[in-house]
Amino acid sequence: MLEKKKNNLAKILTLIAIFLILVYGLDAALDRSDTGFLPFDSKTRGLVLGLPSVILPLIAFGITYRSPSTSLGGLLIIDGIIILIGSILFVSLQETTPTIEKSVIIENFVSFAPIIALGLVIIFLGIWKSAR
């Protein structure tokens, strides 16, 4: 009974994380074109929406560490893929004009490398959770 409640809580946490990362991505995409729909600058948006979307799946995995769950594994994989693709797209869509040096582009990639790595970790945890 307790394991089922833990699994349900973990799924809810992961669904919240997926929702947050989708809102983050949509707001960031709209912010690039005009202005986002949330009154946040990029740093605040990252703290309020991005950070929980990475931490919540890790908590979900942690509370269900011993119990296998294919559905939770699938949700973790989805969250990790969204984080990974969103980060790579954001870095690759940075403005590339002659006035922007290559070092700025490399600096942007380096700043997103930990997020890309966390996306890969979440995908791996989802695969591991599904395979158990």
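Use the structure listed above.
Everything quoted here is computed from the prediction, not taken from an experiment.

1. Points about the packing of aromatic side chains
Enumeration over the complete set of coordinates arrives at four aromatic pairs. When the centroid spacing of 5.4 Å and the interplanar angle of 40 degrees are considered together, the rings of phenylalanine 61 and tryptophan 128 count as tilted. In this pair, phenylalanine 61 is assigned in helix H2 (residues 42-63) and tryptophan 128 in helix H4 (residues 102-131), connecting sequence segments 67 residues apart. With relative accessibility at 8%, the residue phenylalanine 61 sits in the buried group. Here a set of aromatic residues connected by ring pairs shows up, and it is made of Phe61, Tyr65 and Trp128. Between the NZ or CZ atom of arginine 45 and the centre of the ring of tyrosine 24, over which it lies, the distance is 5.8 Å.

2. Describing the nonpolar core
Counting residues in each nonpolar core, the largest one holds 16 residues, and the members touching the most others are Leu56, Ala60, Leu72, Leu76, Ile83 and Ile122. When contributions to this core are tallied by element, the ones reaching two or more residues are helix H1 (2-33), H2, helix H3 (70-92) and H4. Among the elements that make up this core, the one with the highest residue count is H1 (six residues).

3. Considerations on H3
Here H3 spans 32 Å end to end across 23 residues, near enough to the 33 Å set by a 1.5 Å rise per residue. Along H3, the positions that sit buried rather than exposed are Leu72, Gly73, Leu75, Leu76, Asp79, Gly80, Ile83, Leu84, Ser87 and Val91.

4. Thoughts on the side chain of aspartate 27
Within the secondary structure, aspartate 27 sits in helix H1. A polar atom in the side chain of aspartate 27 sits 2.7 Å from the side chain of arginine 45.

5. Looking at the packing of H2 against H3
Where H2 contacts H3, the axes come no closer than 11 Å and their chain directions differ by 160 degrees. Taken together, H2 and H3 sit at an angle that is classed as roughly antiparallel. Regarding H2 and H3, the two cross each other, and that crossing is left-handed. Contacts between H2 and H3 involve Ser53, Val54, Pro57, Ala60 and Phe61 on the former and, on the latter, Leu72, Leu76, Asp79 and Ile83. For the contact of H2 with H3, a count of residues per class yields seven nonpolar, one polar and one charged.

Calculation criteria
Residues numbered from 1 in each chain as written. Predicted model: local features only at pLDDT ≥ 70, side-chain atom pairs only at ≥ 80, totals over all residues. Heavy atoms only, no water. Phe/Tyr/Trp six-rings, centres within 6.5 Å; stacked < 30°, edge-to-face > 60°. Helix = DSSP H or I, 4+ residues; strand = E, 2+ residues; numbered from the N terminus. Buried < 20%, exposed > 50% of the residue type's maximum accessible area, 1.4 Å probe, protein only. Lys NZ or Arg CZ within 6 Å of the ring centre and 35° of its normal. Core = buried A, V, L, I, M, F, W, Y, C linked by side-chain atoms within 4.5 Å. Expected span 1.5 Å × (residues − 1). Polar contact = N/O pair within 3.5 Å; in protein donor to acceptor, adjacent residues only side chain to side chain. Axes fitted to C-alpha atoms, helices over the stretch in contact; angles between N-to-C directions. Parallel < 35°, antiparallel > 145°, perpendicular 65-115°, else oblique. Left-handed = near helix turned anticlockwise from the far one by under 90°. Contact = heavy atoms within 4.5 Å. Nonpolar A, V, L, I, M, F, W, Y, C, P; charged D, E, K, R; others polar.

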